[in-house]
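Chain by chain, the residues run as shown.
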Amino acid sequence: MTGSTDGSPHDSPHGFPHGSMRGSPHGGAIRTMGALTAGTLIAVTAYTVALGGDGRLWFGWVVLGLLTLAMAVTQS
């Protein structure tokens, strides 16, 4: 895998396919944002079920989701 020069998709100095988030310095930040977004979705849903909906919470979650998506798209 490493060291091959036949142009295969595994021809990478770090052993991961090109475009993989594992080799990216921002991969950890994007994974953290994704986990935060998913956790916030669970919290907002639980709050809505327990105490009723609040549009500001859902708006905030949508903004967080869009920021996470934008980070993932621009870093890949």
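Rules of the game
Residues numbered from 1 in each chain as written. Predicted model: local features only at pLDDT ≥ 70, side-chain atom pairs only at ≥ 80, totals over all residues. Heavy atoms only, no water. Helix = DSSP H or I, 4+ residues; strand = E, 2+ residues; numbered from the N terminus. Buried < 20%, exposed > 50% of the residue type's maximum accessible area, 1.4 Å probe, protein only. Contact = heavy atoms within 4.5 Å. Areas by Shrake-Rupley, 256 points an atom, 1.4 Å probe, with all protein chains shown as cover. Phe/Tyr/Trp six-rings, centres within 6.5 Å; stacked < 30°, edge-to-face > 60°. Expected span 1.5 Å × (residues − 1). Axes fitted to C-alpha atoms, helices over the stretch in contact; angles between N-to-C directions. Parallel < 35°, antiparallel > 145°, perpendicular 65-115°, else oblique. Left-handed = near helix turned anticlockwise from the far one by under 90°. Nonpolar A, V, L, I, M, F, W, Y, C, P; charged D, E, K, R; others polar.

**Student:** What is the right way to read the overall build of the protein from this model?
**Tutor:** Counting its regular elements, the protein contains two helices and zero strands. For the protein, the residues scored as buried account for 12% of the 76 residues in total. Taking contacts inside the protein between residues at least 6 apart in sequence as the whole, the part at least 24 apart equals 36%. Counting only carbon and sulfur atoms, one obtains 70% of the accessible surface of the protein, whose full area is about 5,300 Å².

**Student:** Would you explain the packing of aromatic side chains in this entry?
**Tutor:** Within a pair of aromatic rings, the relevant descriptors are the distance that separates the centres and the angle that separates the planes. Considering all chains together, one arrives at one aromatic pair under this definition. Between Trp58 and Trp61, the aromatic rings sit 6.4 Å apart at their centres with planes inclined by 75°, giving edge-to-face as the arrangement. Placement of the pair is Trp58 and Trp61 together in helix 2 (residues 55-75), with a separation of three residues, close to one helical turn.

**Student:** In this structure, what is going on with helix 1 (residues 27-51)? I would like to understand it.
**Tutor:** For an α-helix, 3.6 residues make a turn, and residues three or four places apart therefore share a direction. Spanning 25 residues, helix 1 covers 36 Å between terminal C-alpha atoms, matching the ideal 36 Å at 1.5 Å per step. Its buried side turned inward, helix 1 meets helix 2. Looking one or two residues beyond helix 1, the residue adopting positive phi is Gly52, at roughly 100°.

**Student:** Sorry if this is basic, but what is going on with the packing of helix 1 against helix 2 here?
**Tutor:** Two quantities define a packed helix pair, namely the angle between the helix axes and the distance between the axes. At their nearest, the axes of helix 1 and helix 2 sit 10 Å apart, and the two run at 160° to each other. As the angle between them shows, helix 1 and helix 2 are arranged roughly antiparallel. The crossing of helix 1 and helix 2 is left-handed. Two secondary-structure elements touch here, helix 1 through Ala29, Ile30, Met33, Gly34, Leu36, Thr37, Thr40, Leu41, Val44, Thr45, Tyr47 and Thr48 and helix 2 through Leu57, Trp58, Trp61, Leu64, Gly65, Thr68, Met71, Ala72 and Gln75. For the contact of helix 1 with helix 2, the residue count by class is 13 nonpolar, eight polar and no charged.

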